[in-house]
Amino acid sequence: MLNFFLLILIYSGIYALMAIGQNVITGYGGMLSLTQAGFFAIGSYATAILTTQAGWSFWATLPVAFLISALFGLAIGLPTLRLKGDYLAIATLGFGEIVRNVLNNWDSLTNGPMGIQRIPMPVILGYTINPYKKYAFLVMVIVFVIIAYILFQRLARSRMGRALAAVREDEIAAQSMGINITKYKVYAFILGASVAGIAGSLQAAFTLSVTPGTYTFMVSVMVLCMVVLGGMGNFKASILGAFIIQFISYFPQLTGLSSVIPPQFKQILFGLILVVMMIWRPQGILGREATRYRKRAVSTTGGEQ
Amino acid sequence: MKELLTIDDISVSYGNIKALKQVSMHVNQGDIVCLIGANGSGKSTLLKSIVGQEPLDSGSITFDGEEICRVKNVGAKQGKRSKILTTDLIAAKGISLVPEGRRVFADMTVEENLDMGAFIVRDDALIAERKESMYDFFPILGARRRQKTRSLSGGEQQMMAIARALMSGPRLILLDEPGLGLAPLVIADIFEKIALINQQDKVTVFLVEQNARMALKASSEGYVMENGRIVLSDASSELLENELVRAAYLGE
């Protein structure tokens, strides 16, 4: 039971990373993207392939997963970001499905639907982080989430955070302020993609095997739900949302009711939660974080140039 | 007097509809120039093409001696790929647009909006100084600096949009219907401010308005646009006396 609890916590952490990425894209950039599953898969397979076939260590594959996801983020971002709203959602959804289909069919590299097994466990300073003994792995995931949180929080308060806030509120006005909206949108997309790639690496190291079936459209939808539930434009809320959604999705197993409650129940529950949220708390549980960009300037009065 | 903005023979179309037909005009440094015309005559399209949001079919636009928009491959049938500077780069050159309908960042406070207007300014002390002078110039904004812009009245929002545009320290400010949807007294107030900005800060103003009388009274040069063409141009005081203008735009 405790073991199962830890497993949910680990998955929550991995999803929290993806939700942080989604929050940059959707919460800050205001772009409805449904492609986190694609980047998640790319990160997982980068780690899986490099560790099993090239004999790399898990840690060496992390920057590669990061870079490949970022590159795909750029490749997807450039052509699709002239689309808005539903159209962007459809285009990005397509990308996630393309990734999964490529993984399914590129037998020589990905071993097709069978996936890749026997991924070596991550080793740090001679200590093997064994996913079966979950504590160590949980600590590692939490460290990753904290690092991502701190970095992205800084980003939100930076020039880029301000630019994205302006773009989200009004693109035409933002342009008139001298903000290059394409540049900042693509940046947001790349960052969101790359952190999902890292989440993918962790997923591969945790499950020690990857199959294309893991990276379905539902993953993207869940990540989006996490961000919306927690509150858009708030990284704490994204992490909170990830934990809540994960616990809900394992609710039947956790309470030992899986024989009574059908597995489809969780999808009904997701839908119900979203509808309820839209009616009574559209800004999410925590709501948007009020970001003060220039604390210093408040007290300044005149002064020389 | 020096020509700050020169529009040379530009045409713009939306699909088959010609929105601007061989429009030429110029704005001299230090002037207030107005463009009047009815709904759908192409006024807003002209402003959009100045800031690089509508590609040109022909002609070019020059700001302070530097070409900011022109048609690539003149003569080739690639018409629509014409831009040479994007909107953000044009803004960085010193052209600031107060868009039609104000387009304030409604969920930000007044202060944050002004900060946003100074996005291209890297000097924090200068930004703080400009903000203070905006609060002096528009006292109502100073009083509401911590308030969400959404809660401001239409006139206050318009003043904030103008203040925001001034934060980048522009040489030319483009105003797209600053009087839209506002009470006459508020409009008079705003036009007074515009005149002051022009005199005190030496900012050149290009004003697009439907309210012809207000615009002509406030400006030194005027252009009249009809169906995408400039049909009249003269000193504003002359236009106020012009028979055609009086009949069509001043309702006399």
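All figures in this text were calculated on a predicted structure; none of them were measured in a lab.

(A) Inspection of the overall build of chain B at higher detail. Along its length, chain B carries 10 helices and 10 strands. A globule of 252 residues ought to have a C-alpha radius of gyration of about 18 Å, and chain B, at 18 Å, matches this closely. Along the first, second and third principal axes, the C-alpha atoms of chain B reach 50 × 45 × 35 Å. Expressed as a percentage of its 252 residues, the buried residues of chain B come to 49%. Residue pairs in contact within chain B that sit at least 24 positions apart in sequence constitute 65% of those at least 6 positions apart.

(B) The arrangement of the sheet that holds strand 10 (residues 229-235) of chain B in detail. Residue and element names in this part refer to chain B. Strand order in the open sheet formed by 6 strands is 6-7-8-3-9-10, and the pairing between neighbours is mixed. The open sheet has two free edges, formed respectively by strand 6 (95-98) and strand 10, since each of these has just one partner strand. Averaged over all adjacent pairs, the angle separating strand axes in this sheet is 15°, with direction ignored. Relative to strand 7 (residues 172-176), strand 6 is paired through 4 bridges, and the arrangement is parallel. Bridging from a neighbouring strand, Ser96 pairs with Ile173 of strand 7.

(C) View of the interface of chain B and chain A. Counting from both sides, the interface comprises 28 residues of chain B and, opposite them, 22 residues of chain A. For the side of chain B that touches chain A, the elements supplying multiple residues, two or more each, are helix 2 (87-93), strand 6, helix 3 (110-117) and helix 4 (124-137) of chain B. Ranked by residue count, the leading element in the side of chain B that touches chain A is helix 4 of chain B, at 7 residues. Considering only residue class, the side of chain B that touches chain A consists of 15 nonpolar, 5 polar and 8 charged.

(D) The pairing of strand 5 (residues 66-70) of chain B, seen in detail. All names here are of chain B. Sheet topology note: the strand 4 (residues 58-63)/strand 5 ladder contains 4 bridges and is antiparallel. Within strand 5, the position partnered with Ile61 by the bridge is Cys69. Counting the residues in the hairpin turn of strand 4 and strand 5 gives 2 residues, including Asp64, whose phi is positive at 50°.

(E) The environment of Asn113 of chain B, seen in detail. All names here are of chain B. Looking at where Asn113 falls in the secondary structure, it is placed in helix 3. Taking the C-alpha atoms as reference points, Asn113 and Ala161, 48 residues apart in sequence, are found 8.4 Å from one another. Setting aside residues up to four positions removed in sequence, Asn113 forms contacts with Val104, Phe105, Met108, Thr149, Met160 and Arg164.

(F) A look at the nonpolar core. Residues Leu17, Ala19 and Met226 of chain A together with Leu174 and Leu207 of chain B are the most contacted members of the largest nonpolar core, which totals 166 residues. The leading source of residues in this core is helix 9 (residues 181-207) of chain A, at 16 residues. Apart from the residues lying within four places of it in its own chain, the contact partners of Leu207 of chain B are Ile32, Val33, Cys34, Leu175, Ala215, Ala218 and Ser219 of chain B.

(G) Representation of the packing of helix 3 (residues 58-80) of chain A against helix 9 of chain A within the structure. Contact geometry of helix 3 of chain A with helix 9 of chain A gives a least axis separation of 7 Å together with a crossing angle of 145°. When you trace helix 3 of chain A past helix 9 of chain A, the crossing you get is right-handed.

(H) Quick look at the pairing of strand 2 (residues 17-28) of chain B. All names here are of chain B. As paired elements, strand 1 (residues 3-14) and strand 2 share 8 bridges and run antiparallel to each other. Paired with Val12 across the strands is Leu20, a residue of strand 2. Hairpin connection from strand 1 to strand 2: 2 residues lie between these consecutive antiparallel strands, with Gly15 at a positive phi of about 60°.

(I) The packing of helix 1 (residues 2-28) of chain A against helix 10 (residues 217-230) of chain A, seen in detail. All names here are of chain A. Interhelical geometry of helix 1 versus helix 10 gives an angle of 70° and a closest axis separation of 9 Å. What the angle tells us is that helix 1 and helix 10 run roughly perpendicular. Packed against helix 1, whose contacting residues are Tyr15, Met18, Ala19, Gln22, Asn23, Thr26 and Gly27, the element helix 10 presents Val223, Leu224, Met226 and Val227 at the interface. Taken together, the residues of the contact of helix 1 with helix 10 break down into 7 nonpolar, 4 polar and no charged.

(J) Local environment of unusual backbone geometry. All names here are of chain B. Positive phi, normally seen in glycine, also occurs at Arg103, with a value near 50°. With respect to the helices and strands, Arg103 occurs in the loop between strand 6 and helix 3. Among the residues examined, Arg103 registers 20 C-beta atoms within 10 Å and is labelled buried. Even without a glycine there, the phi angle at Asn227 is positive, about 45°. As for its position among the elements, Asn227 is in the loop between strand 9 (221-226) and strand 10. Residue Asn227 is classed as partly exposed on the basis of its 14 C-beta neighbours within 10 Å.

(K) The arrangement of the sheet that holds strand 4 of chain B in detail. Residues and elements named next belong to chain B. Ordered in space as 2-1-4-5, the 4 strands form an open sheet in which the pairing is antiparallel. At either margin of the open sheet sits one strand with a lone partner, and together these are strand 2 and strand 5. Strand-to-strand twist in this sheet, taken as the mean axis angle between neighbours without regard to direction, amounts to 20°. Contacts from helix 1 (residues 43-50) reach strand 1, strand 2, strand 4 and strand 5 within the one sheet, and its direction differs from that of strand 2 by about 65°.

(L) Focus on helix 3 of chain B. The buried count for helix 3 of chain B comes to 8 of 8 residues, which makes it a mostly enclosed element. Along helix 3 of chain B, the residues classified as buried are Val110, Glu111, Glu112, Asn113, Leu114, Asp115, Met116 and Gly117 of chain B. On the buried face of helix 3 of chain B, the contacting elements are helix 7 (159-169) of chain A together with helix 4, helix 5 (139-143) and helix 6 (154-166) of chain B.

(M) Representation of helix 2 (residues 36-53) of chain A in the model. All names here are of chain A. The end-to-end C-alpha distance of helix 2, which contains 18 residues, comes to 25 Å, matching closely the 26 Å that a straight helix rising 1.5 Å per residue would cover. Of all 18 residues that make up helix 2, 16 are buried, and the element is covered over most of its length. Phi for Gly55, located one or two positions after helix 2, is positive at around 70°.

(N) Broad picture of the environment of Lys2 of chain B. Residues and elements named next belong to chain B. Mapping Lys2 onto the fold places it in the segment before strand 1. Classification of Lys2 by C-beta neighbours within 10 Å gives exposed; the count is 9. Between the C-alpha atom of Lys2 and that of Gln29, which follows or precedes it by 27 residues, the distance is 5.6 Å. Every residue in contact with Lys2, bar those within four places of it in the chain, is listed here: Asn28 and Gln29.

Criteria and thresholds
- Residues numbered from 1 in each chain as written.
- Chains lettered and ligands numbered in written order.
- Predicted model: local features only at pLDDT ≥ 70, side-chain atom pairs only at ≥ 80, totals over all residues.
- Helix = DSSP H or I, 4+ residues; strand = E, 2+ residues; numbered from the N terminus.
- Rg over C-alpha atoms; globule rule 2.2 N^0.38 Å.
- Buried ≥ 20, exposed ≤ 12 C-beta atoms within 10 Å, placed from the backbone.
- Contact = placed C-beta atoms within 7 Å.
- Pairing = 2+ DSSP bridges.
- Axes fitted to C-alpha atoms, helices over the stretch in contact; angles between N-to-C directions.
- Nonpolar A, V, L, I, M, F, W, Y, C, P; charged D, E, K, R; others polar.
- Core = buried A, V, L, I, M, F, W, Y, C linked by C-beta atoms within 7 Å.
- Left-handed = near helix turned anticlockwise from the far one by under 90°.
- Parallel < 35°, antiparallel > 145°, perpendicular 65-115°, else oblique.
- Expected span 1.5 Å × (residues − 1).

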